[in-house]
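# Structure assessment
This is what each chain is made of:
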2 protein chains.
Amino acid sequence: MKQYIEKNRERFLQELYSLLRIPSVSSMEEHRPDMERCARRLAELLLEAGADTAEVYPTEGHPVVFGERKTDPDLPTVLVYGHYDVQPVDPIELWKSDPFEPEIRDGAIYARGANDDKGQLFMHIKAFEYMVRESGLKHNVKFIFEGEEEIGSPSLAAWAKDHRDMLKADIILVSDTTMISEKVPSINCGMRGLSYVEVKVTGPDKDLHSGHYGGAVANPINVLCDMVSSLIGKDGHITVKGFYDDVVELSEEDRAKLARAPFDLEEYKSFLNIKEVKGEKGYTTLERTGIRPCLDVNGIWGGYTGEGAKTVLPSEAHAKISMRLVPNQDSETITRLFAEHFKSIAPDYVKVEVTPCHGGNGFLIPISSSAYQAASKAMTDVYGVEPVPSRGGGSIPVLADLQRILGIDPLLMGFGLERDTIHSPNESYLLSQLFKGMEAIALFYRYY
Amino acid sequence: MKQYIEKNRERFLQELYSLLRIPSVSSMEEHRPDMERCARRLAELLLEAGADTAEVYPTEGHPVVFGERKTDPDLPTVLVYGHYDVQPVDPIELWKSDPFEPEIRDGAIYARGANDDKGQLFMHIKAFEYMVRESGLKHNVKFIFEGEEEIGSPSLAAWAKDHRDMLKADIILVSDTTMISEKVPSINCGMRGLSYVEVKVTGPDKDLHSGHYGGAVANPINVLCDMVSSLIGKDGHITVKGFYDDVVELSEEDRAKLARAPFDLEEYKSFLNIKEVKGEKGYTTLERTGIRPCLDVNGIWGGYTGEGAKTVLPSEAHAKISMRLVPNQDSETITRLFAEHFKSIAPDYVKVEVTPCHGGNGFLIPISSSAYQAASKAMTDVYGVEPVPSRGGGSIPVLADLQRILGIDPLLMGFGLERDTIHSPNESYLLSQLFKGMEAIALFYRYY
């Protein structure tokens, strides 16, 4: 499809830009109309690319886009999953260009969603268009795009249950992950799950003057720090009771397979500009993000955070805490265990609330599967080397749900790179990856 | 002066309101014009009350108001100190009425600054007016009102040095503190000092996706929590190296004197709505806020604090940390010790910055002094009981500076009450305290 890309390059970019220009931030109420707009635009693009039908379906939350092309009931069916919602853009002041006005710098598109996931789902639409128009599509193809992935897909599972038949397929094909590097393609054969909670620690029922009360009344911020600090032990183990009960230890053999992935710790550290990495004792960096669970504070706030100094002993302190889970750990169970543990360690001079935000389970797919093999051949053709099987640290909880509800394995052919800094200011996506991704996806269909 | 108050009650309130309506928040640049307005209004009020002169003096920061009435060089001179700046009002949503539109509810004025310190400095202006017009003033009186007390008085010390002669006096009289209760008047004979710093912990040089990096890269929020948590030991001792070196242990006798102050722990806890108090082992609650230093986080922030969930492993985490100091601890020394200690405990997977915000030393005045005795008699007349000598937990660092620069003791006749919740939403000041304060101040002049 190289030539096809050359011929249509400019149109492809303009079509992608039309998606990137819509600020579809799913976590913010004010952007609800943008979600609608983005969903409708995707349906248009699907029809233009050759779908028989493409519709926007309302849900409890943001709409789902479903489109398909029926070629022949006897041919295999591919269900392409993607999400059109994006992360918030703050801290906005760190963006070099408007997050919602795409700009090309040094061969990469800079915009929120350039990679995650608008850029990556767009590759599937264009590979599909190519096959329909030029190479004779030999599959039935279905597309499902949701608008709530960044907030834990609260609506899609229910919607999928109601549309089980419509979603019947042989494989779920997804591009929402990264490759190890431009030189080292990889296919993600497992993802971590997620348990995300918000905690609130309350001390006195009003803000106090820290001079009059400091030293005699527990400060909820100090207490929150104590409690958070106690959640991870010296060895990097999470102290929540029962947290590791369902974690499956990998065999030495599997660990060796994953260790095939080339990894340069010095490169990693200099990319992040850190002196040292930190994590669970006894595991490598790749294992710490791939096959081991972890706990992070994603946000913390309390007291006076404005300009200047305010001598306040605040009434409340808050934190958003998430735990990444490995396959076989159940998200709801972990959330319950965390809430129980966090309350159990609260000293009696504060009150503690734990509010579950969202979560989902991890999953694994067999390297032996025909879909994995087809993807492997396709990427070998495009990149000239056989891709490495990897484990993704991130969570796409909804994929575990779809796998459970539809009984189909997801295959993660991701073309993102670390350098893309998704979820951060200046998210970007290399044009070379965008176009190689389209090629690889078209080749996948040839081998599958 | 009871009758005089009766006669002029409504005018007094309107004049006080004219001050309270000006949002003179010293820590926020946007309020700079309000600082000017407030200063000019104070000068007007001083002249109307009977000052020979009253002028607004520019400084590096917010202006200083100085006014005086020269009665007779042979008579004693009283220097009245107050501050017209106020604390920020956030969280604004918790205010029952506009913080800058005073409202009387249940016999109290509700407004930012109603007590701290506009309400309390106003008592001095009106007591002065009464003496000038009705009872024959027998003192030289000087007023100095600054606009930077809530941000650590960065300009006043230098200004006072330049105007040493103009400020010559026998006593510094201040109302910017509380009494133990309406029934138990007290005179503050010592204040804690302050060291206030802002800290910044930096991990990776960009925000990261917590799924891709969580578990392998140190999260600066978790690290900040660890570090903050380590600053206070199990026994409530501050772990900063050398922190207690200059702390003077009080004699059993002095501790007994202070213990005369009636104090009901149950009342205290129910007022704050807390199950338990918390503080340094081996000291009572009053001692913990009066004669012992402490450390509090006044504000903390980092990562995603908006609506919904964002799975970010942030680049930075911040906190505002203040330490209350007791007499003989030097603020600058403590700030230096803190910075050294905080950097020394920083793990090598993060970078740490410590920025001093402001501070000042504590001080003590002898109960035997003639000024203390005059204040004691005056309050006994008004409240019918002899006031208790107390130690203030709050800091008025500038008073320690003025004491040092001018060589005059400050006397703290404060009429605030705990219920006034200064620095918090719904700051208030009881009318009864406002008017009794005026009486007591007029009587102080009679006995001094």
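As the structure is a computational prediction, the values presented were derived from the model and not from experiment.

## A look at the packing of aromatic side chains
Evaluated as defined, the whole model comprises 24 aromatic pairs over all chains. Ring geometry for A:Phe128 and A:Phe143: centres 5.0 Å apart, planes at 75°, overall edge-to-face. With A:Phe128 in helix H3 (residues 118-135) and A:Phe143 in strand S6 (residues 140-146), this residue pair connects regions lying 15 residues apart in the sequence. On the basis of relative accessibility, which here comes to 0%, the residue A:Phe128 falls in the buried class. A relative accessible area of 0% places A:Phe143 in the buried class. A ring pair is formed by A:Phe338 and A:Phe342, whose centres lie 5.4 Å apart and whose planes are at 15°; its orientation type is stacked. In this pair, A:Phe338 and A:Phe342 both sit in helix H10 (residues 331-344), 4 residues apart, roughly one turn of the helix. There is no split in this pair, since A:Phe338 and A:Phe342 are both buried. An aromatic cluster is defined as three or more aromatic residues linked by ring pairs; in this entry it consists of A:Tyr4, A:Phe12, A:Phe122 and A:Tyr130. Against the face of A:Tyr110 rests A:Arg105, its NZ or CZ located 4.0 Å from the ring centre. The residue whose ring lies beneath B:Lys206 is A:Phe271, and the NZ or CZ to ring-centre distance is 4.1 Å.

## Things to note about the domain arrangement of chain A
Residue and element names in this part refer to chain A. Along its sequence, chain A is carved into domain 1 (2-191 + 362-447) and domain 2 (193-247 + 293-360). The C-alpha centroid of domain 2 is placed 35 Å from the C-alpha centroid of domain 1. With 12 residues of domain 1 in contact, the opposing surface of domain 2 contributes 7 residues. Taken together, the two surfaces of domain 1 and domain 2 that pack against each other cover about 680 Å², and 57% of this comes from carbon and sulfur. Across the domain 1-domain 2 interface, the total number found is 0 salt bridges. For the pair domain 1 and domain 2, the interface holds 0 residue pairs in polar contact (both at pLDDT 80 or more).

## Things to note about the interface of chain B and chain A
Contacts between the two partners involve 87 residues from chain B and, on the opposite side, 86 residues from chain A. Each partner contributes to the roughly 7500 Å² buried at the junction of chain B and chain A, and carbon and sulfur atoms together form 52% of this total. It is B:Lys278, B:Ile300 and B:Lys310 in chain B that bury the most area against chain A; as a group they hold 9% of the surface buried on that side. Here chain B and chain A share 2 salt bridges between them. Across the pair B:Asp90 and A:Lys310 runs a salt bridge, and its minimum N-O distance is 4.0 Å. Where chain B meets chain A, there are 42 residue pairs in polar contact (both at pLDDT 80 or more).

Criteria and thresholds
Numbers given to residues run from 1 along each chain, matching the order in which its sequence is written. Lettering of chains starts at A and numbering of ligands starts at 1, both following the order in which they are written. Whole-chain, interface and lining totals are the exception, using all residues; otherwise, since this is a predicted model, local features are given only for residues with pLDDT of at least 70 and side-chain atom pairs are given and counted only at 80 or more. The side-chain quantities take in all heavy atoms of the structure and omit both hydrogens and water. Any pair of Phe, Tyr and Trp rings, taking the six-membered ring for Trp, is counted once the centres come within 6.5 Å. Such a pair is stacked with planes under 30 degrees apart, edge-to-face with planes over 60 apart, and tilted for the rest. Secondary structure follows DSSP: runs of H or I at least 4 residues long count as helices, runs of E at least 2 residues long count as strands, and numbering of each begins at the N terminus. Per-residue accessibility, obtained with a 1.4 Å probe over protein chains only, is compared with the maximum for each type, and a residue is labelled buried under 20%, exposed over 50%, and partly exposed between these values. Geometrically, a lysine NZ or arginine CZ counts as sitting over a ring once it is within 6 Å of the ring centre and also within 35 degrees of the ring normal. Segmentation of the chain into domains, including their bounds, is taken from an automatic or database domain assignment. Contacts: residue pairs with any heavy atoms within 4.5 Å of one another. Once two parts are joined, some of their accessible surface, as seen by a 1.4 Å probe, is lost; buried area is that loss totalled over both. Note on definitions: salt bridges are taken to be side-chain nitrogens of Lys or Arg within 4 Å of carboxyl oxygens of Asp or Glu. Polar contacts here mean pairs of N or O atoms no more than 3.5 Å apart (in protein, one a potential hydrogen donor and the other a potential acceptor; neighbouring residues in sequence count only if both atoms are side-chain atoms).

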